[in-house]
Amino acid sequence: ECDAISGFSFSPSFTCQEVAPYASNIDCSNFLVTLVYLASIQSTCCGGTENHRNLCSDDQKPFEAFCTSEAEYDIDAILFYECRGTESQACEDAGGSYNAEGSSCDDIDTFSSEECDAIPGFTFEPSATCQDLAPLAPFLDCNDNDIFSTGFLLSIIQPICCGGEENYLDFCPDAEKPYEAFCTSEADFNSDAVVFNSCIGTESQAC
């Protein structure tokens, strides 16, 4: 269809290496995305089905999300807390923002119980364990630099969950290996293979 449009050419838009950084953003719950997008990438990049990485594995163990040792993994350790109660005015008087849906006082320091304990009618309660956060690992962006960046979250999660630095998973390795995003074999990875093409031109009316 592109070839039939005057003034337009069918041009490469993404290679295997260029799509690798987007692997962590793939939503495995979206069947169409997984079936079409992932199948297109792996069939082009990996050099055979035997090298396809099981990116949407159902059998991943929780410790594998952030750690390397199952024996040292503290599955029930508490990572985050909430300040919960029903007195919205007391929360606001303390400088917080009341979340009626979650019955929590937000925008206060929940890294310790001090501020919550001082609010009448509120209690400091666990909100997430190591196991609770494991399913979120594929959605963490190693290029995210905001206040709740991946680096910041890992600095909280791994010391609590992994049982020592020697068990920390190298979640955001400095030396990127693009083949690992979708494939299992570096030798068969076709780094420069074109995965997607675009129809590029300047004649808007012809398009």
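Residues numbered from 1 in each chain as written. Predicted model: local features only at pLDDT ≥ 70, side-chain atom pairs only at ≥ 80, totals over all residues. Heavy atoms only, no water.

When its secondary structure is counted, the chain shows six helices and six strands. Starting at the N terminus and ending at the C terminus, the chain contains elements arranged as β-α-α-β-α-β-β-α-β-α-α-β. For the chain, buried positions account for 30% of its 207 residues. Put simply, of all contacts in the chain between residues at least 6 apart along the chain, 72% involve residues at least 24 apart. With an accessible surface of roughly 12,800 Å², the chain has 49% of that area assigned to carbon and sulfur atoms. (Helix = DSSP H or I, 4+ residues; strand = E, 2+ residues; numbered from the N terminus. Buried < 20%, exposed > 50% of the residue type's maximum accessible area, 1.4 Å probe, protein only. Contact = heavy atoms within 4.5 Å. Areas by Shrake-Rupley, 256 points an atom, 1.4 Å probe, with all protein chains shown as cover.)

Under the counting rule described, the total for this entry stands at six disulfides. Here Cys83 pairs with Cys116 through a disulfide, and the sulfurs are 2.1 Å apart. Judged by the sign of its S-S torsion, about 90°, the bond between Cys83 and Cys116 is right-handed. Of this pair, Cys83 sits in strand E2 (residues 78-85) while Cys116 sits in helix H4 (residues 114-117), placing them 33 residues apart in sequence. Classification of Cys83 by relative accessible area gives buried; the value is 1%. Each sulfur in the disulfide pair Cys91 and Cys105 lies 2.1 Å from the other. Taking the torsion about the sulfur-sulfur bond, which here is approximately 85°, the covalent link between Cys91 and Cys105 counts as right-handed. Here Cys91, found in helix H3 (residues 88-93), pairs with Cys105, found in strand E4 (residues 104-106); they are 14 residues apart in sequence, far enough to count as distant. The same class applies to Cys91 as to Cys105, namely buried. This cysteine, Cys207, is not joined by any disulfide, and Cys199 carries the nearest cysteine sulfur, 6.8 Å off. Taking the relative accessible area as the measure of exposure, Cys207 reaches 65% and is therefore exposed. (Disulfide = S-S within 2.5 Å.)

What follows covers the pattern of salt bridges. Scanning the entire structure with this criterion turns up three salt bridges. Here Glu70 ties to Lys61 by a salt bridge, and the two come within 3.5 Å at their closest N and O atoms. Of the residues examined, Lys61 reaches a relative accessible area of 40% and is grouped as partly exposed. When salt bridges with common partners are traced through the structure, they connect Glu82, Arg84 and Glu125 into a single cluster. (Salt bridge = Lys/Arg side-chain N within 4 Å of Asp/Glu carboxyl O.)

The subject of this paragraph is the nonpolar core. Formed by 20 residues in total, the largest nonpolar core has its most connected members in Phe66, Leu79, Ile157 and Cys161. At the level of elements, helix H5 (130-133) and helix H6 (150-161) are the ones that each hand at least two residues to this core. Here this core gets five residues from one element, more than from any other, and that element is H6. Ignoring anything within four residues of it in the chain, the contact list for Ile157 reads Phe66, Leu79 and Leu133. If you look at the next biggest cluster of nonpolar residues, it comprises ten residues, including Val19, Tyr179, Cys183 and Ala193. (Core = buried A, V, L, I, M, F, W, Y, C linked by side-chain atoms within 4.5 Å.)

This part covers the environment of Asp74. Inspection of the secondary structure puts Asp74 in the loop between helix H2 (31-45) and E2. Overall, the relative accessible area of 37% leaves Asp74 in the partly exposed class. In this structure the C-alpha to C-alpha distance between Asp74 and Thr129, which are 55 residues apart in sequence, comes to 9.0 Å. With sequence-adjacent residues up to four places away left out, Asp74 is seen in contact with Cys130, Ile160 and Cys161.

Further remarks concern the packing of aromatic side chains. The tally for this structure, following the rule as stated, stands at four aromatic pairs. On the numbers, 5.7 Å between centres and 25° between planes, the contact of Phe66 with Phe171 is stacked. Of this pair, Phe66 sits in the loop between H2 and E2 while Phe171 is found in the loop between H6 and strand E6 (194-201), placing the two residues 105 residues apart along the sequence. With a centroid separation of 4.6 Å and 10° between ring planes, the pair formed by Tyr81 and Phe124 is classed as stacked. Separated by 43 residues along the polypeptide, Tyr81 in strand E2 and Phe124 in strand E5 (residues 122-129) bring together distant segments of the chain. (Phe/Tyr/Trp six-rings, centres within 6.5 Å; stacked < 30°, edge-to-face > 60°.)

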